[in-house]
Amino acid sequence: VSIRHGLLCYHYPVETDDSTLYTDSQTLFDACRSPDPAVQTAAFSDLWRYLYRIAGYMTRRQPDGEALAQDCAQQALVRIHAQQHTCREPKAFRTWCRRIVSNLVIDTLRRRQRLQPLDLSTAAETAPQPIEGRLTTAALRALLDRSPISERSRRVVDGRYLDDLPDERLAEVESELADSDVRPS
């Protein structure tokens, strides 16, 4: 960790060891909030190793688990630095940090699950086919007649989409039937 112009810059190796400078949460919390940059750097380095181990365990089965763990640990470290004043119980600082990194990993994995790439080899088979190829115009008109829409809406849909009539012609027909001026859209 280096502090430049009031900004934290994190440069951590991927390798982690199990040694820790801060054996309890209160001491780690105090060191992270220290005005001394050297103490703060050591505290955040220690915290990095802790967060990376947690994220690494949670992402171990992902194809790019190591990179994902690094990203999540980095995001967690930034979030912890920005929000450390909101930690209500400094004696439980490590637990608070663990919850932050765990939530970030879970959110990232959920986001990935929602954004599954489309398998192009099966996409063509499962893609919806155009309705024109499956229903005749007469069948579409019959469905339109049974649909729960008004007569006016039925005429507009029928004229516009099945007969390809321009909006001006549809407006003329509706004006004649309604005995009032209907303007085209």
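Going by the structure above, here's the rest.
Parameters and conventions
Residue positions are given per chain, counted from 1 along the sequence in the order it is written. Only residues with pLDDT of at least 70 are given local features in this predicted model, and only at 80 or more are side-chain atom pairs given and counted; all residues enter the totals for whole chains, interfaces and linings. By convention in this description, side-chain values take in all heavy atoms of the structure and omit both hydrogens and water. Surface patches are drawn from residues lacking salt bridges whose relative accessible area is over 30%; two like charges belong together within 9 Å, two nonpolar side chains (Val, Leu, Ile, Met, Phe, Trp, Tyr) within 5 Å. Note on areas: Shrake-Rupley, 1.4 Å probe, and residue coverage restricted to the protein chains presented here. Salt bridges are counted wherever a side-chain nitrogen of Lys or Arg sits within 4 Å of a carboxyl oxygen of Asp or Glu. What counts as a helix is a DSSP run of H or I of at least four residues, what counts as a strand is a run of E of at least two, and both are numbered from the N terminus. What counts as a ring pair is set by centres within 6.5 Å for rings of Phe, Tyr and Trp (its six-membered ring), and what kind of pair is set by the plane angle: stacked under 30 degrees, edge-to-face over 60, tilted for all other angles. Any Lys NZ or Arg CZ found within 6 Å of a ring centre and within 35 degrees of that ring's normal is scored as a charge over the ring. By nonpolar core we mean a set of buried residues, namely Ala, Val, Leu, Ile, Met, Phe, Trp, Tyr and Cys, connected to one another through side-chain atoms within 4.5 Å. Each residue's exposure class comes from its accessible area (1.4 Å probe, protein chains only) as a fraction of the maximum for that residue type: buried when under 20%, exposed when over 50%, partly exposed otherwise. Throughout, a contact is declared for two residues whenever any of their heavy atoms are within 4.5 Å.

Overview of a nonpolar patch on the surface
Next, step 1: The grouping of Ile149, Val157 and Tyr161 at the surface amounts to a nonpolar patch, some 290 Å² of accessible area in total.
Next, step 2: Relative to the helices and strands, Ile149 resides in the loop between α6 (137–146) and α7 (151–162).

Some thoughts on the packing of aromatic side chains
Next, step 1: In the structure shown here, the tally under the stated rule is three aromatic pairs.
Next, step 2: Seen in terms of ring centroids, Phe93 and Trp96 are 5.8 Å apart; in terms of plane orientation they differ by 25 degrees. Their pairing is stacked. In this pair, Phe93 and Trp96 are both assigned in helix α4 (residues 93–114), three residues apart and thus about one turn of the helix distant.
Next, step 3: Grouped by ring-pair contacts, the aromatic residues Phe29, Phe93 and Trp96 constitute a single cluster.
Next, step 4: Here Arg60 stacks its cationic end above the ring of Tyr57, 4.0 Å away from the centre of that ring.
Next, step 5: Of note, Arg94 hangs over the ring of Tyr50, and the distance from its end group to the ring centre comes to 5.1 Å.

Considering the nonpolar core
Next, step 1: Of all hydrophobic cores here, the largest spans 28 residues; its most connected members are Leu28, Cys32, Leu47, Leu51, Ile80 and Phe93.
Next, step 2: Considering every element that reaches this core, the biggest residue donor is helix α2 (residues 37–58), with nine residues.
Next, step 3: Contact partners of Leu51, with chain neighbours within four places excluded, come to Ala73, Ala76, Leu77, Ile80, Cys97 and Val101.

All we've got here are geometric facts, nothing functional implied.
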